[in-house]
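Architecture and fold: a report
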Amino acid sequence: MDRSTPTLEQRFDDLLSRNRRRIGAIAHSYGGRQSDDLLQEILLQIWRSLPGLRQQIHVDTWCYRVALNTAFSWLRRVRREAITAIEPAVAEQIVGSDDGHETGALLRRFLPTLNETDRAMVLMYLEDISTTEMAEILGTTEGAIRVRIHRIKQKLTEWEADLS
Amino acid sequence: MNLDDLKPTWQGEDFSGPKFDEYAASIRQRGRTFEAHILSRDRIEMVSAIFVILAAIPGILNGPNWMFRLGFVFVVVGTIEVIAVMTWARKKDRLPAVDLPLREYCDVQLRRIDRQIWLTERVLWWYLLPLMIGAPLVFFSVPTHWVFQGIVVGAVLAICIYVYRRNQQGAKLQLRPLRDSFAAVLDQLDSDAPLEAKQPL
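Nothing here was measured: the structure is a model prediction, and the numbers come from that model.

1. Topic: the overall build of chain A
The helix and strand tally for chain A stands at eight helices and zero strands. When each of the 164 residues of chain A is scored for burial, the buried share is 56%. Pairs at least 24 apart in sequence give 68% of the contacts found in chain A among residues at least 6 apart. Total accessible area on chain A stands at roughly 7,300 Å², and carbon and sulfur atoms take up 46% of it.

2. With respect to the environment of Pro-130 of chain B
All names here are of chain B. Relative to the elements of secondary structure, Pro-130 occurs in helix α5 (residues 123-141). Given the relative accessible area of 12%, Pro-130 is considered buried. C-alpha of Pro-130 to C-alpha of Gly-78: the two residues are 52 residues apart in sequence and 5.0 Å apart in space.

3. Describing the packing of α5 of chain B against helix α6 (residues 146-190) of chain B
Residues and elements named next belong to chain B. Contact geometry of α5 with α6 gives a least axis separation of 9 Å together with a crossing angle of 175°. In terms of orientation, α5 lies roughly antiparallel with respect to α6. Residues Val-123, Leu-124, Leu-128, Leu-131, Met-132, Ala-135, Pro-136, Phe-139 and Phe-140 of α5 form the contact with α6, whose participating residues are Gln-149, Val-152, Val-153, Val-156, Leu-157, Cys-160, Val-163, Tyr-164, Asn-167 and Gln-168.

4. Re the confidence of the model for chain B
Residue and element names in this part refer to chain B. Looking at chain B, the pLDDT average stands at 82 and 88% of residues meet or exceed 70. Every residue in residues 193-201 scores below 50 in pLDDT, and together they form 10 contacts with partners more than four places removed in sequence or on other chains. Interface predicted TM-score (ipTM) for the complex: 0.73; the corresponding pTM is 0.74.

5. Things to note about the packing of helix α1 (residues 8-31) of chain A against helix α3 (residues 59-77) of chain A
All names here are of chain A. At their nearest, the axes of α1 and α3 sit 10 Å apart, and the two run at 25° to each other. The angle between α1 and α3 falls in the class roughly parallel. The element α1 and its partner α3 pack so that their crossing is right-handed. Where α1 abuts α3, its residues Leu-15, Arg-18, Asn-19, Arg-22, Ile-23, Ile-26, Tyr-30 and Gly-31 lie against Val-59, Asp-60, Trp-62, Cys-63, Tyr-64, Ala-67, Leu-68, Ala-71, Phe-72, Trp-74 and Leu-75. Within the contact of α1 with α3, the residues separate by chemical class into 14 nonpolar, two polar and three charged.

6. Details of the confidence of the model for chain A
Residue and element names in this part refer to chain A. Mean pLDDT over chain A stands at 79; residues scoring 70 or higher make up 79%. Per-residue pLDDT, averaged within each element of chain A, yields its smallest value for helix α4 (residues 88-94) (43) and its largest for helix α7 (residues 131-138) (91). For residues 80-101, every residue scores under 50 in pLDDT, and the model assigns this stretch 44 contacts once sequence neighbours within four places are set aside.

7. Examining the interface of chain B and chain A
The interface is formed by 46 residues belonging to chain B together with 66 residues belonging to chain A. Roughly 5,800 Å² of surface becomes buried between chain B and chain A when both sides are summed, with 60% attributable to carbon and sulfur atoms. If you sort the residues of chain B by the area they bury against chain A, Met-1, Leu-3 and Trp-10 of chain B come out on top, with a joint share of 16%. The interface formed by chain B and chain A contains three salt bridges. In this structure, Asp-4 of chain B and Lys-153 of chain A form a salt bridge, with 3.4 Å as the shortest nitrogen-oxygen distance. On inspection of chain B and its partner chain A, the count reaches 17 residue pairs in polar contact (both at pLDDT 80 or more). Where the side of chain B that touches chain A is concerned, the elements lending two or more residues are α1 (3-11), α2 (20-62), α4 (102-121) and α6 of chain B. Counting residues per element, the side of chain B that touches chain A draws most heavily on α2 of chain B, at 11 residues. Looking at the side of chain B that touches chain A residue by residue, the classes come out as 21 nonpolar, 11 polar and 14 charged.

8. What to know about α4 of chain B
Along its 20 residues, α4 of chain B runs 28 Å from first to last C-alpha, staying within 8% of the 28 Å computed at 1.5 Å per residue. Every buried residue belonging to α4 of chain B is among Leu-102, Tyr-105, Cys-106, Gln-109, Leu-110, Arg-112, Ile-113, Ile-117, Leu-119 and Thr-120 of chain B, and all of these are buried. Elements in contact with the buried residues of α4 of chain B: α3, α6 (116-126) and α7 of chain A together with α3 (66-92), α5 and α6 of chain B.

9. A few points about a nonpolar patch on the surface
Taken together, Met-46, Ile-50, Leu-54, Ile-57 and Leu-61 of chain B make up a surface patch of nonpolar side chains, about 470 Å² in accessible area. By relative accessible area, Ile-50 of chain B is classed as partly exposed at 41%.

10. Focus on the nonpolar core
By size, the foremost hydrophobic cluster in this structure holds 73 residues, and its most contacted members are Tyr-30, Ile-46, Leu-68, Met-124 and Leu-138 of chain A. It is α3 of chain A that provides the largest number of residues to this core, a total of 10 residues. Not counting the four nearest positions on each side in its chain, Met-124 of chain A is found in contact with Tyr-64, Leu-68, Ile-129, Met-134, Ile-137 and Leu-138 of chain A. Of all hydrophobic cores here, the second largest spans 10 residues; its members include Val-82, Val-85, Ala-135 and Cys-160 of chain B.

Rules used in this analysis
- Counting from 1, residues in each chain are numbered in the order their sequence is written.
- As a convention, the first chain written is A and the first ligand written is 1, with the rest following in written order.
- The model is predicted, so local features are restricted to residues of pLDDT at least 70 and side-chain atom pairs to those at 80 or more, both for listing and for counting; the totals for chains, interfaces and linings are taken over all residues.
- Only hydrogens and water are set aside; all other atoms, that is, all heavy atoms of the structure, feed into the side-chain values.
- A helix here means a DSSP run of H or I that spans at least four residues, while a strand means a run of E at least two residues long, and both kinds are numbered starting from the N terminus.
- Each residue is assigned to one of three classes by its accessible area relative to the maximum for its type, calculated with a 1.4 Å probe on protein chains only: buried under 20%, partly exposed between the two thresholds, exposed over 50%.
- Contacts are assigned to residue pairs with any non-hydrogen atoms lying within 4.5 Å of each other.
- All accessible-area figures derive from a Shrake-Rupley calculation using a 1.4 Å probe, and residue coverage is judged against the displayed protein chains alone.
- Interaxial angle, 0 to 180 degrees, is taken between N-to-C directions of lines fitted to C-alpha atoms, where a helix line uses only the stretch in contact.
- Orientation is classified from the angle alone, with under 35 degrees giving roughly parallel, over 145 giving roughly antiparallel, 65 to 115 giving roughly perpendicular, and any other angle giving oblique.
- Each residue carries a pLDDT score, the predictor's own confidence in it, on a scale running from 0 to 100.
- In this scheme, a crossing is called left-handed if the near helix is turned counterclockwise away from the far one by less than a right angle; it is called right-handed if the turn is clockwise.
- In this count, Pro and Cys sit with the nonpolar residues alongside Ala, Val, Leu, Ile, Met, Phe, Trp and Tyr, while Asp, Glu, Lys and Arg are called charged and the others, Gly among them, polar.
- As used here, buried area is the combined drop in accessible area, with a 1.4 Å probe, of two parts when they are placed together.
- For this document, the term salt bridge refers to a Lys or Arg side-chain nitrogen within 4 Å of an Asp or Glu carboxyl oxygen.
- Nitrogen and oxygen atoms within 3.5 Å of one another constitute a polar contact, given that in protein one can donate a hydrogen and the other can accept it, and given that sequence-neighbouring residues count only through two side-chain atoms.
- A helix is expected to span 1.5 Å for every residue after the first.
- Like charges are joined within 9 Å and nonpolar side chains (Val, Leu, Ile, Met, Phe, Trp, Tyr) within 5 Å, but only among residues with over 30% relative accessible area and no salt bridge; these make up the patches.
- In this description, a nonpolar core means a group of buried Ala, Val, Leu, Ile, Met, Phe, Trp, Tyr and Cys residues linked to one another through side-chain atoms lying within 4.5 Å.

Now the structure itself:
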């Protein structure tokens, strides 16, 4: 093998080193108390899919797609265990700084009110993933993403107003 | 609260957790053996089917009467049919590549589950019926006490009914809800598409 060609193991490690935070966020957001199980499933799917990864595509977007699709399928497999909502652990982790405390607590209550795809959009939005990449990950149009994000923000405002 | 305000806090958190590296190392080690496990399961099913066929052929060739031979013909034809259907289903129903865009991924899943529902709901025709006909023919053709024949045939029918009911329940309680959940994701993705032109940001 050409020494300059990275092995599967090297590609796997490289991908994980760049995306570990995002992968972890998806595992926490959809896996709840069983986030470790989901994390392992995501890593396994990345490993299995990596040989088919074409060099020319955006690798990090590809990685996010694998993680998200795996989370959606995994959720259905464990639905009987009623993991449908984001667990408090996620939002508690967000409440790290002083100014994040109030918003983190609200987010903890708000996220479960969203459906799966809206939740995925919020996660990607918080990760600063561009609308172009979000559209590529979800298989929809950039316009539809912008409309949906706008609606989620509106819903958040209304939801917050209802609370107070 | 504004989503934009949450970004810095969110992005400052490390969600990967303490076991991330341990899991990654474990996947590297067992990733390849996982593939081998799937292959061996398929081989076991295929070898079992071939064994049934080989065991039944002497019955067809050397059976004591036409009813006995016809019974085994049903069993062999049924087994070949099962192999054919399952091979076709496996070829068609491969899991979608997990790196597809979500919409496409759900779409492939939906088609795959539809085929599984179709097969599961019709398990009587492609899986059970040849056995339900073949086994009674074989046992009624053997000169033995009718009570024994009745018990054996009754047992075969009871097993077939059990398998049939389990499949119907599986389709109703597992596959259909699963199908609906993937369809719901597609609905969620589609719901804003018509509004794209009406409500641009």
